[in-house]
Amino acid sequence: MQKKTLVPLLCAAFAGLADAAVVTKTVAYEIDGEAFEGVLVYDDSVTTPRPGLLAVPNWMGVNEDTVAKAARAAGDKYVVFVADMYGKAIRPSNAEEAGAAASNVRADRPLMRKRAQAAVDVLKAQSSEVALDLSKLGAIGFCFGGGTVLELARSGAPLKGFVSFHGNLDTPNPADAKNIKAPVLVLHGADDPAVPQAQVDGFIAEMKAAKTDWQLVSYGGAVHSFTNPKANVPGRNEYHPVVAARAFKAMNDLFDEVFAEQ
């Protein structure tokens, strides 16, 4: 069952897109009998089929901030589905709750991969509701979501590209990188204390060993959560509008490239 709404916050967050018909739909689905609820985001003024992106949110999960970020990513180029990684009953309201929810999923990588893949399947199913080009699908994620998207790539998911924004890079299964089927782009804050250099070095070694197609862009002066306008802990979690704009451009450049290779 789906519910079509216009999210009021988008008017404020995207004043420059006042004429764009940004629409959201809550989409209920189940995984092994458990209820989940994600959000479909797209500009309904576009009627031609567009590529689709799975968007995995940060540790706060599905909320208005997540939808706003999905709308920024979507623009008039993509149909975006925001994944619910915790289940409909779990909606963190603070960092403590978010940390507990994210830790439970991070501790079980098969579960993380299963939930991410289920969300991809839900995105595909939306082709009956919105003009969606099923031959052009990718995944993006933020913080916890960035790490999730990398695990989805390591699982061998047959998408066209994977983009991590200030995400965790570690994995208990580095050998699984051999399963990656599409380009990986990591957008990283060079001064991010949540992702230390040792983790970055480990990721680079992992990608090299797998001989996959990968890029890591390290933004000087940026820390964790640099795409989040509400991140305001200096030196740790901090919005960096210039870097955020560069990162979203890098995302678009990658998908322009891989979606053109049809």
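Because the structure is a prediction, the values reported are computed rather than measured. (Residues numbered from 1 in each chain as written. Predicted model: local features only at pLDDT ≥ 70, side-chain atom pairs only at ≥ 80, totals over all residues. Heavy atoms only, no water.)

## Some details on unusual backbone geometry
Part 1 of the argument: For His166, which is not glycine, the phi dihedral falls at a positive 35 degrees.
Part 2 of the argument: With respect to the helices and strands, the residue His166 is situated in the loop between β7 (162-165) and β8 (184-189).
Part 3 of the argument: One non-glycine residue, Ser225, adopts positive backbone phi at about 65 degrees.
Part 4 of the argument: Positionally, Ser225 belongs in the loop between β9 (214-219) and β10 (232-233).
Part 5 of the argument: The buried category is assigned to Ser225, whose relative accessible area is 9%. (Helix = DSSP H or I, 4+ residues; strand = E, 2+ residues; numbered from the N terminus. Buried < 20%, exposed > 50% of the residue type's maximum accessible area, 1.4 Å probe, protein only.)

## Here we look at helix α4 (residues 109-125)
Part 1 of the argument: Here α4 is 17 residues long and its end C-alpha atoms lie 24 Å apart, about the 24 Å a rise of 1.5 Å per residue gives.
Part 2 of the argument: Among the residues making up α4, those that are buried are Arg109, Met112, Arg113, Arg115, Ala116, Ala118, Ala119, Val120, Val122 and Leu123. (Expected span 1.5 Å × (residues − 1).)

## Examining the pairing of strand β4 (residues 50-56)
Part 1 of the argument: Summarising burial for β4: seven of the seven residues are buried, a large majority.
Part 2 of the argument: In the sheet, β4 pairs with strand β5 (residues 79-82) via four bridges, with the strands oriented parallel. The partner of Gly52 across the bridge, within β5, is Val79.
Part 3 of the argument: Crossover β4 to β5 through helix α2 (residues 64-74) is right-handed. (Pairing = 2+ DSSP bridges. Right-handed = clockwise from strand over helix to strand, strands pointing away.)

## Considering the pattern of salt bridges
Part 1 of the argument: Here the structure, examined in full by the defined rule, presents 15 salt bridges.
Part 2 of the argument: Arg109 is the salt-bridge partner of Asp170, the closest N and O atoms lying 3.8 Å from each other. Here the residue Asp170 occupies a position in the loop between β7 and β8, and Arg109 occupies one in helix α4, the gap between them amounting to 61 residues.
Part 3 of the argument: For Arg109, a relative accessible area of 7% gives the class buried.
Part 4 of the argument: A salt bridge links Glu206 to Arg154, with the shortest nitrogen-to-oxygen separation between them at 2.6 Å. Taken together, the residues Glu206 in helix α6 (residues 197-210) and Arg154 in helix α5 (residues 144-154) connect sequence positions 52 residues apart.
Part 5 of the argument: The exposure class assigned to Glu206 is buried, which follows from its relative accessible area of 6%.
Part 6 of the argument: Connected through shared salt-bridge partners, Arg106, Arg109, Arg113, Glu151, Arg154, Asp170, Asp176 and Glu206 make up one network. (Salt bridge = Lys/Arg side-chain N within 4 Å of Asp/Glu carboxyl O.)

## Points about the nonpolar core
Part 1 of the argument: By size, the foremost hydrophobic cluster in this structure holds 46 residues, and its most contacted members are Leu40, Leu54, Phe81, Leu152, Leu159, Phe162 and Val184.
Part 2 of the argument: Take this core: its biggest share by element is seven residues, from α4.
Part 3 of the argument: Leave out the neighbours within four places in its chain, and Leu159 touches Val120, Leu137, Gly138, Ala139, Leu152 and Ala182.
Part 4 of the argument: Val41, Leu53, Val62 and Ala70 belong to the second largest nonpolar core, which has 32 residues in total. (Core = buried A, V, L, I, M, F, W, Y, C linked by side-chain atoms within 4.5 Å. Contact = heavy atoms within 4.5 Å.)

## Digging into the UniProt feature "domain: Dienelactone hydrolase" (unreviewed entry) in the protein
Part 1 of the argument: The sites that carry the UniProt feature "domain: Dienelactone hydrolase" (unreviewed entry) are, in the present numbering, residues 36-258.
Part 2 of the argument: Annotation note: span residues 36-258, helix share 37%, strand share 22%, distance between end C-alpha atoms 30 Å. (UniProt positions renumbered as here; feature names shortened; annotations may be inferred.)

## Quick notes on the environment of Gly75
Part 1 of the argument: Tracing the backbone through its elements, the reader meets Gly75 in the loop between α2 and β5.
Part 2 of the argument: For the pair formed by Gly75 and Lys249, sequence separation is 174 residues and the distance between their alpha carbons is 12 Å.

## What about the confidence of the model for the protein?
Part 1 of the argument: Per-residue confidence for the protein gives a mean pLDDT of 92; residues scoring 70 or more make up 92%.
Part 2 of the argument: Here residues 1-19 is a poorly scored stretch, pLDDT under 50, and it has 32 contacts once near neighbours within four places are set aside; other chains count. (pLDDT = per-residue confidence, 0-100.)

## Some words on the packing of α4 against α5
Part 1 of the argument: The N-to-C vectors of α4 and α5 enclose an angle of 90 degrees; their axes lie 9 Å apart at closest approach. One element, α4, and the other, α5, form an angle in the roughly perpendicular class. Taken together, the residues of α5 that come into contact with α4 (itself represented by Arg109, Met112, Arg113, Ala116, Gln117 and Val120) are Phe144, Gly147, Thr148, Glu151, Leu152 and Arg154.
Part 2 of the argument: Classifying every residue of the contact of α4 with α5 gives five nonpolar, three polar and four charged. (Axes fitted to C-alpha atoms, helices over the stretch in contact; angles between N-to-C directions. Parallel < 35°, antiparallel > 145°, perpendicular 65-115°, else oblique. Nonpolar A, V, L, I, M, F, W, Y, C, P; charged D, E, K, R; others polar.)

## Quick look at the packing of aromatic side chains
Part 1 of the argument: As enumerated under the stated definition, the model contains 10 aromatic pairs in all.
Part 2 of the argument: Seen in terms of ring centroids, Tyr86 and Phe144 are 5.8 Å apart; in terms of plane orientation they differ by 35 degrees. Their pairing is tilted. Remark: Phe144 occurs in helix α5 and Tyr86 occurs in the loop between β5 and α3 (95-106); sequence separation between them is 58 residues.
Part 3 of the argument: Each ring, one from Phe203 and one from Trp214, has its centre 6.2 Å from the other, and the planes form 90 degrees; the classification is edge-to-face. Here Trp214 lies in strand β9 and Phe203 lies in helix α6, a separation of 11 residues in the sequence.
Part 4 of the argument: Here the aromatic cluster, defined as three or more aromatic residues joined through ring pairs, consists of Tyr29, Phe36 and Phe81. (Phe/Tyr/Trp six-rings, centres within 6.5 Å; stacked < 30°, edge-to-face > 60°.)

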